[in-house]
Amino acid sequence: MALSSSLSRDPVPSTAPRRLAHLTATGLRAVTGRHWTLRIGAVVLALVLTVLLLTPWIAPYDPAHQDLGQRLSGPGAHHLLGTDQLGRDILSRLMYGGRFSVSIAAVTLLLSAVIGTVIGAFSARRGGIVDEVVMRTTDLLISIPDVIVALFLIAAFGTGYGMLIAALTIVGWTPFARLMRGLALEINSREYIEAAEALGCSKVFIVFRHVIPNALRPVLSLGFLRFGHKLITVGGLSYVGLGVQPPDSDWGAMLLDAQPYMQRLPLLVIAPGAAIFVTALSVTLIGHGMELKRKRRTDAS
Amino acid sequence: MVRFIVRRLLVLLITLLAVSAATFAIPYASGGDPVRTILRSRVSDQALDPSAIAALRSELGLDRPILVQYLSWLGRAVRGDFGMSFTSRTPVDQLLGTAIGVSGTLAVIAIGLAFLAALPLGTLAAMRPGKRVDNGVTLLTQSFVAVPEYWLAPILVLVFSRYLGWLPSAGWRDPTSIILPALTLALRPMAYFTQVTRAAMSDVLASPYMTAARSRGLSGGQALLRHGLRNALLPVMTLFSLWFAGLLGGSVVVEVIFAIPGMGRLVYSAVVNHDVPLIQGGILCTVALAVLITTVTDLLYALINPAVRVRDGAV
């Protein structure tokens, strides 16, 4: 309810160019005037995402193209960030690698958030033994390192993208479930839920129509805060050779390949790591800014 | 309280049973036939001798019903017997014992480092909310969370062991070889400890008993040390055990980079070498430890908590 009212605050103009201008203004307003961490994070993330989206058109080289005469060359006019041990352009490899890293992390995050939110909301709605079981499960799952879950799945089923995503989701949903349950307990005591119940709405309808939409903001900020962790874990699994498999290559796999040559060309190690760092940091900063704003609002009310 | 404890222990038991069943099933999931999996890991040959398969099957007792196999495996696992490691021909429990010691030492040092750095940083930030110090600490902790350890570690090695030659780049024999991995591991817990310290400390600073202490004539520093710190520590302390449990088996990447013979690297190499008994033992052991530590922390916290509330009210 709160969400829909905030969206319809301004009357949306009808003609196409006006609507575009309105959208741009809304987007700008979302960034300016917020906490400084959110502003910086949003700008950096937008840049990274734009580059990754446009990669097939703006990448200077094919990431697999080998220029064996130009191995381990430093930054220069032809290769902005230099070349790796096989003479492949580092900048192009960074751009293509980022598409794997970021999309895998985003998919696991989305899955974790959706599963966790639904489980948390229903757990709070149901209460009793179901709630107890769900909460104890999250308590214990949260303590299991997700790398160990990944190793377990890889030992049982072998490597692959599905395995990677599953490994990070099995434990990843728990913080969302905890958060959603807490929020849902609070929302469940409000009058509009009582009204919906009095009208004879089903549990499922109430959860999806009223409970979850009203808890979206905090869940979203938790999602932003968890993204960096996912990105780093995915890269870490690739780094030990269990994540993204050749010929595909993400930032973690690039770091692994760079290992033997790092003394000759430190940039080979620094560049992919910096890419992970900058991306993870920008998303975390957005989450932090959102969280602060929410806290301030709840403190004020 | 008794009901609480019993319920927690029951959940613990069920979880451990579920995890043990899952680890037991590893060789069945990968190829369908564990004997083939085992033989393939030994001879790495597709053309396997059928008589060898049959011999190994009866030797390992794999021709019995699966539930019987699981129960006898579980019976031995409870006593710490996971069989022999394929690759090193050593009993798995021996390997696990030494590895837990190594990982435990590393985890304790890393968490200690993190705590020592986090306490002053978090307190400083809490004392000047919204000011430059606070913003600086925020940016620092957010950056630390975003640093991949497999990026920091090679850079540290490059600087401190290749260029400067001060510290060994890998290994575990030398006490100085602990420094780089401990630093790498300490970064992320440090960031989280700082955030929690800051939050706890700003709650404490806003509390009436701090105002009371100040009005009794204690200076800001005295009040902070005698009343503030003590009350802010508890939430940080409970984080310790969670991180300890996490680092015990979860520092796979750092242990691999620095060639540290700990749990993470042991399980990792077992997975890479298809060393089934070691994988089963390692994963079950890691998860059991993590779950056990969490449950014990929960119980301890429940024991302490009422006392804390009484103390807070009395001050």
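Up top is the structure these notes are about.
As the structure is a prediction and not an experimental result, all values here were calculated from the model.

**So, the overall build of chain A**
- Counting its regular elements, chain A contains twelve helices and zero strands.
- Shown N-terminal to C-terminal, the secondary structure of chain A runs as helices and strands in the order α-α-α-α-α-α-α-α-α-α-α-α.
- Seen through its principal axes, chain A has C-alpha atoms that stretch 75 × 55 × 30 Å.
- Here chain A holds 301 residues, and the buried ones make up 48% of them.
- In chain A, the proportion of contacts linking residues at least 24 apart, taken out of those at least 6 apart, comes to 70%.
- For chain A, the exposed surface amounts to about 14400 Å²; the carbon and sulfur share of it is 66%.

**Examining the packing of helix α10 (residues 216–239) of chain A against helix α11 (residues 251–258) of chain A**
Residues and elements named next belong to chain A.
- Following both chains from N to C, one finds α10 and α11 inclined at 40°, their axes separated by 7 Å at the closest point. In terms of orientation, α10 lies oblique with respect to α11. Both α10 and α11 take part in a crossing whose hand is right-handed. Seen from α10, the contacting residues are Leu231, Gly235, Ser238 and Tyr239; seen from α11, they are Trp251, Gly252, Ala253, Leu255 and Leu256.
- Its residues assigned to classes, the contact of α10 with α11 shows six nonpolar, three polar and no charged.

**A look at helix α10 (residues 208–215) of chain B**
Residues and elements named next belong to chain B.
- For α10, the set of buried residues is Tyr209, Met210 and Ala213. Buried positions in α10, seen along its axis, are confined to an arc of 105° and lie on one side of it. Structural note: α10 exposes Pro208, Thr211 and Ser215 on the side pointing more than 90 degrees away from its buried face.
- A positive backbone phi angle near 105° is found at glycine 217, which sits one or two residues after α10.

**With respect to unusual backbone geometry**
- The phi torsion at alanine 259 of chain B lies on the positive side, around 50°, for a residue other than glycine.
- Mapping alanine 259 of chain B onto the fold places it in the loop between α12 (252–257) and α13 (263–272).

About the cut-offs
- The residue numbers shown here count from 1 along each chain, following its written sequence.
- Chains and ligands are labelled by the order in which they are written, letters from A for the one and numbers from 1 for the other.
- Given that the model is predicted, a residue must reach a pLDDT of at least 70 before its local features are reported, and side-chain atom pairs must reach 80 or more before they are shown or counted; all residues, however, enter totals for whole chains, interfaces and linings.
- Excluded from the side-chain calculation are hydrogens and water; included are all heavy atoms of the structure.
- The helix and strand labels rest on DSSP assignments: H or I over at least four residues marks a helix, E over at least two residues marks a strand, and numbering proceeds from the N terminus.
- Note on classification: 1.4 Å probe, protein chains only; a residue is buried when its accessible area is under 20% of the maximum for its type, exposed when over 50%, partly exposed between these limits.
- Contacts are assigned to residue pairs that have any heavy atoms within 4.5 Å of one another.
- The protein chains shown are the only cover counted for residues, whose accessible areas, like all others here, come from Shrake-Rupley with a 1.4 Å probe.
- Fitted lines through C-alpha atoms give the axes, limited to the stretch in contact for helices. The angle between two N-to-C directions lies from 0 to 180 degrees.
- For classification purposes, angles smaller than 35 degrees are called roughly parallel, those larger than 145 roughly antiparallel, those between 65 and 115 roughly perpendicular, and all remaining angles oblique.
- Crossing handedness: left-handed means the near helix sits turned counterclockwise from the far one by under a right angle, and right-handed means the same turn made clockwise.
- All residues other than Ala, Val, Leu, Ile, Met, Phe, Trp, Tyr, Cys, Pro, Asp, Glu, Lys and Arg, Gly among them, are scored as polar; the first ten of these are nonpolar and the last four charged.
- In this context, the arc is that of the directions from the helix axis out to the C-beta atoms.

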